[in-house]
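A structural walkthrough
This is what each chain is made of:
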Amino acid sequence: MKSTIASILSSPNLHQDYNVYGWVKAFRSNRFIALNDGSTIKNLQCVVDFENFDKSLLDQITIGSAIKIFGVLKESEGKGQSVEIEVSKVEVLGLADTDEVKKTILQPKRHSLEKLREQAHLRVRTNTFGAIMRIRAKLSYAVHDYFNSNGFFYVNTPIITGSDAEGAGEMFKVTNLNLKDTPKTTSGDINFKEDFFGKETNLTVSGQLEAETYALGLGNVYTFGPTFRAENSNTSRHLAEFWMIEPEMAFCDLDGNMDLAEDFIKHVLSYITEHCQDDLEFLEQRLLQEEKSKPEKDRSPMPLREKLDFVINNQFKRVSYTEAIDILKNSKPNKKKKFDYVIEEWGADLQSEHERFLVEKHFKCPVILFDYPAKIKAFYMRLNDDQKTVRAMDILFPGIGEIVGGSQREERFDVLKSKMEELNVDQDELWWYLETRKFGTCVHSGFGLGFERLVLFATGMGNIRDVIPYPRTPQNADF
RNA sequence: UCCUCCUUAGCUCAGUUGGUUAGAGCAUCUGACUGUUAAUCAGAGGGUCCAAAGUUCGAGUCUUUGAGGAGGAGCCA
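These figures come from a predicted structure and were not determined experimentally. (Residues numbered from 1 in each chain as written. Chains lettered and ligands numbered in written order. Predicted model: local features only at pLDDT ≥ 70, side-chain atom pairs only at ≥ 80, totals over all residues. Heavy atoms only, no water.)

Regular strands place their side chains on alternate faces of the sheet. With seven bridges joining them, strand 2 (residues 17–28) and strand 5 (residues 66–75) adopt antiparallel strand pairing. Of the residues in strand 5, the one forming a bridge with G22 is I67. Bridging between strand 5 and strand 6 (residues 83–94) involves ten bridges; their strand directions are antiparallel. Looking across to strand 6, one finds that I67 is bridged to V92. (Pairing = 2+ DSSP bridges. Helix = DSSP H or I, 4+ residues; strand = E, 2+ residues; numbered from the N terminus.)

A few words on the protein's contact with RNA strand B. Of all residues adjacent to RNA strand B, which total 52 residues, the nearest are E51, K79, E84, H238 and R453. Put simply, 53% of the atoms of RNA strand B that lie within 4 Å of the protein are in sugar or phosphate. A distance of 2.8 Å separates a sugar or linking oxygen of RNA strand B from a polar atom in the backbone of E402. At 3.5 Å from a sugar or linking oxygen of RNA strand B is found a main-chain nitrogen or oxygen belonging to G448. For the surface near RNA strand B, the secondary structure elements donating two or more residues are strand 2, helix 3 (98–101), helix 4 (113–118), strand 12 (241–250), helix 12 (352–363), strand 16 (401–408) and strand 17 (444–450). With four residues, strand 16 is the largest single contributor of residues to the surface near RNA strand B. For the surface near RNA strand B, the class distribution of residues is nine nonpolar, 21 polar and 22 charged. (Near = heavy atom within 4 Å. Polar contact = N/O pair within 3.5 Å; in protein donor to acceptor, adjacent residues only side chain to side chain. Nonpolar A, V, L, I, M, F, W, Y, C, P; charged D, E, K, R; others polar.)

Of note, N30 is a non-glycine position whose phi angle comes to about 55°, a positive value. Of note, N30 is situated in the loop between strand 2 and strand 3 (32–36). By relative accessible area, N30 is classed as partly exposed at 36%. The backbone phi angle of N424 is positive, close to 60°, even though this residue is not glycine. Structurally, N424 is set in the loop between helix 13 (413–422) and helix 14 (431–435). Residue classification places N424 among the exposed positions, given a relative accessible area of 72%. (Buried < 20%, exposed > 50% of the residue type's maximum accessible area, 1.4 Å probe, protein only.)

All buried positions along helix 9 (residues 304–313) are accounted for by L304, L308, V311 and I312. Seen along its axis, helix 9 keeps its buried residues to an arc of 100°; they face one direction. In this structure, the buried side of helix 9 is in contact with helix 7 (254–275), helix 8 (277–291), strand 15 (389–397) and helix 15 (451–459). (Arc of directions from axis to C-beta. Contact = heavy atoms within 4.5 Å.)

Before going further, it helps to spend a moment on the sheet that holds strand 10 (residues 201–203). Taking strand neighbours across the sheet as the criterion, the three strands line up as 8-10-9 in an open arrangement whose pairing is antiparallel. Only two strands of the sheet have a single neighbouring strand rather than two, namely strand 8 (160–161) and strand 9 (173–174). With two bridges connecting them, strand 9 and strand 10 associate as antiparallel partners. Bridge pairing in strand 10 places V174 opposite T201.

Of the positions making up helix 13, those classed as buried are L416, K419 and M420. Taken around the axis of helix 13, the buried residues stretch over an arc of 100°, which confines them to a single face. Opposite the buried face of helix 13, at more than 90 degrees from it, the exposed residues are D414 and E422. Residues of helix 13 that are buried sit in contact with strand 15 and helix 14.

Structure (structure tokens):
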């Protein structure tokens, strides 16, 4: 029977025969094969007595090759591992030619993350990316686990959307018209009536509006799917294609929304600290190594696992926009005009530098900002009684910035309608969204959480392109 | 989209004021090695200096344009 290395190492049966499949990470001293099968970051040491094997066979045990090993599990004579396989049979399943391997990142040495990105099809074989992708998968499981055990239903909102009124950013067009010869209307515009859906369609920028309608029937729902933004943004925190988690809750106000978001984040992070210890330890060491070459002020104040525990065990700081403005106005960098954008008065949109100051310098913990000025937020957010703020909230994380954006939704038909008029949101397009406010409308709330930003935080990585298998960014859709 | 920086061997990088045959470490190959852990030791091979144009007696080095990448800003998750 076939065994994974993870299962062998977690419950080793000494003197038992094992069949193991994997890829050669190293072949030292013509005797020790370090074998990895992806099930864990740990390698299995396989010892061959080379006098009993053909040289031609041993020559094929090269770095990167896929092999099958049969042998008995024994206590290791060497240090560095507790058990090892004494190999009685080796089969080379897929040879990796050393001449070819040396041109790739499979060669056993350190590579820059940029170089690994150029060979994204091979980078999962490295310790770093193996660890990241296992953690990503476990986080994803924890997301579903959390919602399922808290009575949420998973809904699949459409990926192709007919409305361009969601207002969350530039959209990718979806069409099967012949782009070299598009049908025209009498006025010369493209005639989308002849397109596949008979109208202009795009890839979704958010499942929120559809999720809202489902919350108003199923109670608590969430989405977890791909999301597309055609923004020309070229930063370490943006992707054109990313995965977003959007819970939506009926009969829930902003306080309940914040409670849930905080509890949710803590749950999924604590799940991986329990279930991904080896991978987290590796990433923590890698980070410490990397930071040695940085000036002290750029180093993170805590090692990775301590940072995760800190977030799990401490309350997020909840601060209203108005309080935040006061703090910023009276802050040293503002008084000394160190900010590129000096905060003058209430109503200003917070820049990255302000958010970073609040999270990394002032509070030194995750911060939830709420009750933003209505003018700088979206049409669907619930207007407060002061008539100038809305029940919006953003969760800001150190090093990542905004990880969650959410709000209590405007449930009052008249208020929503006039807000849409005011902000020029197409009511004909969103008739169905407005209509939910006519039939048993209720207080409801939700948020969007960028999954990759969560993985970024959980793994301590610095660039969002390194926490998704094949990143899509402006000018890049390789692989 | 804007600002800054980078592009030299398979990889990471050095290359002085513009000067003769462009260097190092790792990786690869060959040999040695029966307890290695990024194995070690000896030897060998390996270059369109991102591309094009220009300045110059002479360009890896200077200028212009272009391509690709990184960091930051904006937009946001």
